[in-house]
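What the coordinates show
Chain by chain, the residues run as shown.
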Amino acid sequence: MTKVASFEIHYRQYLDAAGTAVAELPAFARDPKALIPLYRAMVLTRRFDAKAVALQRTGRLGTFASSLGQEAVTVGLAAAMRPEDVLLPTYREAGAQLWRGVRMEELLLYWGGDERGSDFQGPRADFPICVPIASQCLHAVGVAYAKKLKREPGVAVCVCGDGATSNGAFYEAINYAGVWRVPALFVVNNNQWAISMPRAAQTAAGTLAQKAIAAGIPGVQVDGNDVIAVRDAVEQGLARARGGEGASVIEALTYRMTDHTTADDASRYRDAEEVSGQWAKDPIARLRQHLAAAGAWSKDQEERLIETISGEIDAAVERYLATPPMPPEAMFDHLYAVLPAAYTEQQIAASRGGDHA
Amino acid sequence: MTKVASFEIHYRQYLDAAGTAVAELPAFARDPKALIPLYRAMVLTRRFDAKAVALQRTGRLGTFASSLGQEAVTVGLAAAMRPEDVLLPTYREAGAQLWRGVRMEELLLYWGGDERGSDFQGPRADFPICVPIASQCLHAVGVAYAKKLKREPGVAVCVCGDGATSNGAFYEAINYAGVWRVPALFVVNNNQWAISMPRAAQTAAGTLAQKAIAAGIPGVQVDGNDVIAVRDAVEQGLARARGGEGASVIEALTYRMTDHTTADDASRYRDAEEVSGQWAKDPIARLRQHLAAAGAWSKDQEERLIETISGEIDAAVERYLATPPMPPEAMFDHLYAVLPAAYTEQQIAASRGGDHA
Amino acid sequence: MPETTLIGGVNMALARALSEDERVVVLGEDVGANGGVFRATQGLLERFGPERVIDAPLAELAIGGISVGMAAAGLRPVAEIQFMGFIYPAIDQIVNHATRLRNRTRGRLSCPMVLRAPFGAGIHAPEHHCESTEAMFAHIPGLRVVVPSSPQRAYGLLLAAIRDPDPVIFLEPTRIYRAVKQQVEDDGAAMSLDDCFVLREGSDITLVTWGAMVKETLAAADRLRAEHVSAEVIDVATLKPLDFETILGSVEKTGRCVIVHEAVLTGGFGGEIAARLAERGLLSLQAPVERVTGYDTVVPLFRNEYHFLPSEARIVAAARRALAFA
Amino acid sequence: MPETTLIGGVNMALARALSEDERVVVLGEDVGANGGVFRATQGLLERFGPERVIDAPLAELAIGGISVGMAAAGLRPVAEIQFMGFIYPAIDQIVNHATRLRNRTRGRLSCPMVLRAPFGAGIHAPEHHCESTEAMFAHIPGLRVVVPSSPQRAYGLLLAAIRDPDPVIFLEPTRIYRAVKQQVEDDGAAMSLDDCFVLREGSDITLVTWGAMVKETLAAADRLRAEHVSAEVIDVATLKPLDFETILGSVEKTGRCVIVHEAVLTGGFGGEIAARLAERGLLSLQAPVERVTGYDTVVPLFRNEYHFLPSEARIVAAARRALAFA
Ligand SMILES: Cc1ncc(C[n+]2csc(CCOP(=O)(O)OP(=O)(O)O)c2C)c(N)n1
Ligand SMILES: Cc1ncc(C[n+]2csc(CCOP(=O)(O)OP(=O)(O)O)c2C)c(N)n1
Ligand SMILES: [Mg+2]
Ligand SMILES: [Mg+2]
C-alpha cells in the first residue's frame with residue numbers, strides 16, 4: 001500500500017475561556033481598544049436578541065431564532081468582511097447582519113412576517129435570511145462565480161449550521177467552489193445542535209472542518225467563542241479568496257445556549273446541566289475580561305454602552321411596531337418584474353382582503 | 001494552532017501492468033488456478049459487451065453503455081461478494097451482474113427497452129440498473145439499514161462513477177452510512193470520465209477516496225485494472241461491514257476505453273492518443289500474462305474459452321431476439337400492486353395499441 | 001374512548017403500526033427525543049427504541065432515497081419531512097424511484113413507504129412553512145396522495161397508507177392539527193384509500209375540498225344552510241387515485257359545484273376535478289364549476305398570509321354565484 | 001437565410017445571447033467541448049471561452065442553486081439540464097428560491113435565469129429520458145414555462161426567455177429536435193412570452209397542444225380537413241403565464257375543443273385549460289372538452305413507449321367525438 005494523500009485539520013484559539021491570550025494575538029487584536037467595536041457589536045447582538053424574544057413572548061413578533069452564546073461567530077465573521085463582500089446568512093446571523101448595516105427594524109419586520117424586512121437599505125447585495133438549510137451554500141458559489149467573471153472585488157461569505165453539513169447542497173457547493181476556484185468562504189457555525197439532533201448524530205466525522213477535504217479545499221477549526229480567532233480565521237479565508245486561491249471552510253465551535261427557536265422546547269431533548277456548563281465559555285464575558293485586564297474597559301463604559309444600546313433598540317422597536325402592514329394586493333407586486341396581464345384580475349380580488357368575497 | 005485530526009489515503013496494487021506481482025498476493029490469489037474464474041468472467045464481460053455494441057449498431061438494441069477496459073472493477077467487486085449481499089449497480093456493471101447470476105438475455109432485454117430485463121431470475125434482491133446518477137447510493141443505505149435491523153447477514157454494495165461523487169446524493173449517502181454504521185460499501189468506479197467531463201473537472205480533490213473523510217469513514221484507492229487488488233479491497237470492505245464496523249469507500253482507478261455510450265462520440269472531447277496509451281494497462285491482458293507466466297493458462301485454453309463463451313453469448317442473443325414484446329396494456333400491470341379501479345378504463349384503451357383510437 | 005386531535009390521530013396510528021408490524025420504522029429529523037416538531041412522533045422513541053424510531057441527519061433527499069432502499073429490502077418506512085416546504089429535494093427519489101421500482105422490475109421489488117409532511121399555511125410560521133403543492137405529487141403516476149382532515153381520518157388513513165404496498169404521500173394540514181378533538185378508537189381499523197368522504201349530504205350544490213379548507217368549507221355550508229341552501233360537502237381525502245365517481249354522482253344530483261383548495265389556482269388539483277366534471281358531467285352542470293383557491297402568487301409571510309387563504313366568505317360568494325347562474 | 005432545425009434554433013439563440021450580452025453565461029453537464037449531448041451548445045465554447053460556457057460537475061441541484069446565485073449577482077445564466085428526468089433535484093431551488101427571491105426582497109434582488117431541458121418521449125432512449133412533467137412547473141408561482149415547437153419559435157422564445165427579468169423553464173421537445181428545417185433569420189428578434197401561437201385557423205374545432213405533440217396535432221388537422229372539418233390549431237408555447245384569452249376566443253368561435261399533451265392525464269396542464277374553458281366558456285361549448293394525453297402510468301421503456309404516446313389516430317378520434325356530440 002502506497003500513501004497517496006495526507007491531510008491535517010488544525011484548531012485555532014487566541015483567548016481561552018478566561019480571556020487570557022494563549023497565543024500571540026494577530027495584528028488587528030494587539031491594541032485592545034481596537035477590539036471595542038467587536039465587543040460593542042456582540043453586546044448589541046445579545047441585547048437585540050433578548051428584545052426579540054421578549055417581543056415574541058408578548059405576541060408582537062413571530063417565531064424567532066436566538067443566537068444567544070454565538071455572538072463571537074456572527075460578529076467576528078462580519079468584522080473580517082469588506083463592504084463589497086456578500087453575506088449569505090441563515091436565520092441565526094443577526095450579529096453579522098447588523099454589523100454590515102442591516103437595520104434592527106428590518107430584522108424585526110422579517111421576523112414579524114413582513115417581506116420588507118429583507119429589502120435591506122444597507123448592504124444591498126447581501127442575501128436575505130435563508131430558511132431551507134444549506135440551500136444558500138449554492139447561491140454563494142454563483143455569487144462568487146459572478147464576481148470572478150466580472151473581475152469585481154469581493155468574496156461570497158456563506159454561513160451555515162452544523163446540521164447543514166449533512167445536506168447534499170453543502171457538499172455540492174464546496175465541491176463546485178473548489179474545482180471552479182471561486183472567491184467563496186464557507187463558515188460552519190457549529191452550535192452543536194440542529195434542533196434536537198446533537199452534532200454527533202449528524203456525522204461520524206470527527207470535525208466538520210474535514211468536510212473540506214472531500215472538495216479538495218482547506219478546512220480549519222476555530223474556537224467560535226473567541227471573537228479574535230473567528231475574525232482572524234475569516235480574514236485568512238478571505239485573503240485566500242481575494243488572492244485567487246479559491247474557497248475554504250471554517251468550522252467555528254460554539255454552543256446554542258437556548259431553544260432552537262421560540263417555537264422549540266429544548267428541555268425535551270437536552271440536559272440543563274450541559275447548557276449551564278457552557279456559560280463558562282461565554283464569548284462576551286471572555287472578551288470583556290480580556291479588555292478589562294488590559295485596562296481598556298471599565299464598569300462605567302459598560303453601563304454607558306448598555307444605555308446607548310438599549311436606546312437604539314427601543315427606537316428600532318418603535319419604528320418596527322409603527323410600520324403598518326402592506327395592503328393585501330402587494331402580494332402580487334414583486335411576483336414578476338412586470339405583472340403579466342393574466343394576473344390582474346386576481347390582484348384586484350386580493351385587494352379586497354382575506355375576509356371579503 | 002493545534003492539530004486535531006489527520007488522515008491518509010492509501011493505494012493498493014498487486015499486479016503491475018505487465019502482470020508481475022509487485023506485492024505479496026492475498027490468500028485467494030496465491031493459487032493461480034483460483035484466478036481462472038475471474039479471468040473467464042472478464043473475458044465474458046468483454047465479449048458480451050462487444051456483442052451488445054454490435055447489436056446496437058445493427059439496430060437490434062437501444063443505446064448501450066460499454067464497460068470496455070473496466071472489467072477488473074466490475075468482476076473483481078462481484079467476486080468478493082456473497083449471494084446474500086445486495087448489488088446496487090449503475091449501467092456499466094454488466095460484469096458484476098453476470099457474475100451474480102443475472103442472465104445475458106435479461107441485460108439485453110433491458111437495453112432493448114423491455115422492463116422484463118430487470119426482473120432478474122438470479123439475484124432476486126439485487127437492484128436494477130440505476131440511471132439517475134448517484135441516486136442508488138441512498139438506496140444502499142436503506143438496504144443496509146434493513147439488513148442491520150433485521151439481523152440479516154449481507155452487505156449493500158453500491159457502485160457509482162467518478163462523476164457521481166460530485167452529486168449530493170453520494171455525499172448524503174456516505175454520511176448517513178457513516179453515522180448509522182450500517183453494512184454498506186461504496187465502490188467508485190473511476191473511469192476518469194463522466195461523458196465529456198474529465199475527472200479533474202469534477203473536483204479539486206486529489207483522490208476520490210478522500211471523499212470518505214467527509215463522512216468519517218475509511219477511504220482507499222486501488223488499481224482498478226488489477227482484479228486482484230479490486231477483489232482484495234472489496235473483501236476487506238465487506239469484512240469490515242460484516243463485522244459491524246460500518247461502511248467504507250473504495251476508489252477503483254480505471255479508464256473508459258470507448259465512448260460513454262453508443263450514443264456518444266468521444267472523439268469530440270478527448271484525444272485518441274490518451275485512449276490508446278491506456279491499452280498498456282488492460283486488465284485482461286494483465287491477468288492473462290500473470291496466469292501464463294505461472295503456467296496456469298495456455299493458448300489452447302484461451303481458444304476453448306472463447307469458443308464456449310461465444311456459444312453462450314449467441315444462445316443468449318437468440319433468446320433475447322425471440323422474446324416478443326409485452327402487450328401495450330402491460331404498462332399498467334405493475335403500476336400498483338393492485339390496479340385501482342380508476343385506471344381500468346385507460347388500461348383498456350391502451351390495450352388497443354398506439355396507432356389506434 | 002379517548003378524545004384526540006388530528007395530530008393525536010397521526011401519533012396513534014404510528015404507534016399502532018409500529019406495534020402491530022415489526023417491519024415498520026419511523027424516520028425523520030427530530031422524530032426521536034423531540035417527538036417531532038409538531039409532536040407527531042411523541043413517545044415513540046421510548047416505546048420502540050432508536051432502531052425503529054430514527055433521528056435522521058439533515059437531508060431530505062436522503063430521507064426519501066433511504067426510505068426507498070429500506071422499503072425495497074422489506075421494511076415499511078414511515079418518513080417525516082419536517083415541513084412540506086422542505087420536501088422538494090426528495091421529489092427526485094419519489095418520481096424516479098419510489099413510484100417506479102415495482103414497474104421497472106415487473107413486481108420483483110416494490111416500495112411500500114409513506115412520506116408524511118405537515119402542509120398548508122395559516123400557522124403564523126416563517127417562510128417555507130406554508131406550502132400546499134399537493135398537485136405536483138398528484139401528477140406522479142404510481143403514487144398515492146392522501147390528505148386527512150379529521151382526527152379519525154388521520155388515524156384510519158395513515159394506517160391504510162402504512163399498510164399499502166405502494167408509496168404514499170401523506171399530507172397533514174398543520175392549521176387544523178389541533179383544531180378539533182374527536183373520539184378515536186385505537187382499533188387498528190384502516191380506512192379506504194379509494195374513496196372520498198361525503199361529510200355532509202345536500203341537494204343544491206356540491207362543495208369539494210380537502211385538508212385544512214374542510215374547516216372553512218363546512219362553515220360555508222352552515223352559512224348557506226341559513227340561507228336555505230342545502231350544500232353537500234365532500235372531503236376528497238385521497239387525491240390520487242381520485243374517486244371521481246363520488247364527486248360526479250354528487251354533481252349529477254346537485255348540478256352545481258364549488259371546488260376549494262388552499263394551493264394556488266393555476267395547475268392546482270382543483271383544475272383536474274373541474275376538467276373531469278366538464279368532460280363527464282357537462283350535461284348535469286347547471287352552472288360553471290367555481291374554484292376558490294389560494295391566489296396565483298407566493299404565499300405572503302404571515303403578516304399577510306391570511307389574505308392569501310380562501311375564506312369562508314369567498315366560498316359562500318362562489319356558491320351564491322353558482323346558485324344564481326341560469 | 002439559413003435553414004435550421006429546432007435544436008439549431010436553440011443553438012443560434014444561445015450564440016446570439018452570448019454575443020449581445022456579456023452577462024449571459026451557459027452552464028451544464030457536457031455543454032463545453034462536447035457541445036451538449038444534443039449539440040445545443042455546439043461551437044459556443046470555441047467562440048465564447050470556458051469562463052462563459054461552463055462545464056458543470058454532475059449535480060443538478062447545484063446547477064439550479066448556482067444559477068440562482070449568479071442571477072442575483074448580475075449574470076444571466078442559461079443552464080442546461082441534460083434531460084428533464086434529471087431536473088427534479090433542482091426543483092427545490094426553483095420553488096424555494098428562483099421564483100421567490102424578487103418577492104422575498106421586494107425587488108431588491110431578482111433571478112433572471114433560464115433552465116433549459118430536453119423533454120418528452122419517443123427517441124428510443126433509456127429510462128428517465130422521456131419525461132414531460134411540465135405541469136409540475138406550471139404550478140409554481142413566479143415562474144415562466146416555455147415550450148417551443150418549431151425552429152423559429154425555439155430561436156425567438158429562447159431569446160425572449162434569456163432577456164426576461166425573471167426565471168424561465170425552457171423545455172425543448174427532443175422528439176422534434178431535428179424533425180423539420182425552417183429558415184430562421186438570426187436577427188435577434190425575440191417572440192412574446194405572453195401569447196399562444198395560432199398555427200392554423202379553423203372554424204369547426206379547436207385543437208390545443210404544445211411541444212412535440214404539435215406534430216401529430218397538425219397531422220390530425222390535415223386528416224380532419226380531408227373530412228371537410230376545419231380545425232384551428234393552437235400551440236400554447238408559453239404555459240405560464242397562460243394566454244387563456246386566445247384559447248377562449250378560439251373555442252367561442254368553434255364551440256369544440258381537444259387538448260393534446262404527452263404528459264400523463266391526471267394533473268396534466270390540459271386539466272387547467274379544460275377547467276378554465278368550463279368556467280368561462282361553458283355557454284360556448286357545444287361538446288365536452290376532450291383531452292388526449294399520455295396514459296396515467298410510468299412511460300414504458302422504449303420498446304413500448306410508442307403505445308403510451310398520443311397518436312394522430314387518437315386525436316382524430318377525439319375530434320370526431322367532439323364533433324358528433326349534440
Ligand atoms: C432543508 C430543511 N430541512 C429542515 C428544516 C427545518 N429546520 C429548521 S432549522 C433546522 C436545524 C438546523 O440545524 P443547523 O444547521 O445546525 O443550524 P442551527 O439552527 O443550529 O443554527 C431544521 C431541521 C429546514 N429549515 N430546511
Ligand atoms: C442525475 C443525472 N444527471 C445526468 C445524467 C446524464 N448522464 C448519464 S451518464 C453521465 C455521466 C456519468 O459519469 P460517471 O458517474 O463518471 O459514470 P460513467 O458513465 O463514467 O461510468 C451523465 C451526466 C444522469 N444519468 N443522471
Ligand atoms: Mg446547529
Ligand atoms: Mg466516469
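Placed above this text is the structure.
Heads up: these notes are all about the structure in this document. (Residues numbered from 1 in each chain as written. Chains lettered and ligands numbered in written order. Predicted model: local features only at pLDDT ≥ 70, side-chain atom pairs only at ≥ 80, totals over all residues. Heavy atoms only, no water.)

Let's talk about the site of ligand 1
Around ligand 1, the surrounding shell holds 19 residues, and the nearest of these are Tyr-91, Arg-92, Asp-162 and Trp-193 of chain A together with Glu-60 of chain C. With respect to ligand 1, its neighbouring residues span chains A and C. Between a nitrogen atom of ligand 1 and a main-chain N or O atom of Val-131 of chain A, the distance comes to 2.9 Å. Contact distances for ligand 1 include 3.4 Å between a nitrogen atom and a side-chain N or O atom of Gln-82 of chain C. Taken together, the residues that form the shell around ligand 1 break down as 10 nonpolar, five polar and four charged. (Near = heavy atom within 4 Å. Polar contact = N/O pair within 3.5 Å; in protein donor to acceptor, adjacent residues only side chain to side chain. Nonpolar A, V, L, I, M, F, W, Y, C, P; charged D, E, K, R; others polar.)

Some words on helix 2 (residues 71-80) of chain B
The buried count for helix 2 of chain B comes to 10 of 10 residues, which makes it a mostly enclosed element. Among the residues of helix 2 of chain B, Glu-71, Ala-72, Val-73, Thr-74, Val-75, Gly-76, Leu-77, Ala-78, Ala-79 and Ala-80 of chain B are the ones counted as buried. (Buried < 20%, exposed > 50% of the residue type's maximum accessible area, 1.4 Å probe, protein only. Helix = DSSP H or I, 4+ residues; strand = E, 2+ residues; numbered from the N terminus.)

Here we look at the interface of chain B and chain A
Listed by partner, the interface residues are 35 residues for chain B and 35 residues for chain A. Looking at the side of chain B facing chain A, the largest losses of area belong to Met-1, Phe-7 and Tyr-171 of chain B, adding up to 19% of the total buried there. Where chain B meets chain A, there are two salt bridges. A salt bridge links Lys-3 of chain A to Glu-8 of chain B, with the shortest nitrogen-to-oxygen separation between them at 3.4 Å. At the junction of chain B and chain A, the tally comes to 27 residue pairs in polar contact (both at pLDDT 80 or more). Among the elements that take part in the side of chain B that touches chain A, strand 1 (residues 2-12) of chain B stands out by supplying 11 residues, more than any other. Residue composition of the side of chain B that touches chain A, by class: 15 nonpolar, 15 polar and five charged. Bridging between strand 1 (residues 2-12) of chain A and strand 1 of chain B involves nine bridges; their strand directions are antiparallel. Its bridge partner being in strand 1 of chain B, His-10 of chain A is matched across the sheet by Lys-3 of chain B. (Contact = heavy atoms within 4.5 Å. Buried area = accessible area lost by both parts, 1.4 Å probe. Salt bridge = Lys/Arg side-chain N within 4 Å of Asp/Glu carboxyl O. Pairing = 2+ DSSP bridges.)

Thoughts on unusual backbone geometry
Backbone torsion omega between Lys-240 of chain C and Pro-241 of chain C reads -5 degrees, so that peptide bond is classified as cis. By the secondary structure assignment, Pro-241 of chain C is in the loop between strand 12 (238-240) and helix 9 (244-254). One non-glycine residue, Asp-30 of chain D, adopts positive backbone phi at about 65 degrees. Considering the arrangement of structural elements, one finds Asp-30 of chain D in the loop between strand 2 (24-28) and helix 2 (44-48). Asp-30 of chain D gets classed as buried once you look at its relative accessible area, which sits at 2%. Residue Ala-237 of chain D is not a glycine yet carries a positive backbone phi of 65 degrees. Secondary-structure assignment places Ala-237 of chain D in the loop between strand 11 (231-235) and strand 12 (238-240). The exposure class of Ala-237 of chain D is buried, given its relative accessible area of 0%.

Quick word on the coordination of the magnesium ion (ligand 4)
Residue and element names in this part refer to chain B. For the magnesium ion (ligand 4), the full set of protein donor atoms is Asp-162 (OD), Asn-191 (OD1) and Trp-193 (O), and the range of their distances to it is 2.0 to 2.1 Å. Donor residues binding the magnesium ion (ligand 4) come from one chain and are separated in sequence as D-x28-N-x1-W. Of the two residues, Asn-191 and Trp-193, both sit in the buried class. (Donors = N, O, S within 2.8 Å, 3.2 Å for Na, K, Ca; no water.)

Side note on the relation of the copies chain B and chain A
The two copies are related by a screw motion: chain B maps onto chain A through a turn of 180 degrees and a shift of 0.0 Å along the axis, at an RMSD of 0.0 Å. Taken together, these values place the two copies in the relation of a two-fold axis. If distances are taken from each C-alpha of chain B to the rotation axis, the shortest is found for Gly-168 of chain B, at 1.8 Å. Interface overlap between copies is the fraction of interface residues in one copy that are interface residues in the other; for chain B against chain A it reaches 100%, indicating a shared surface. (Least-squares fit on C-alpha atoms with pLDDT ≥ 70 in both.)

In short, the description is geometric, and any link to function would need to be established separately.
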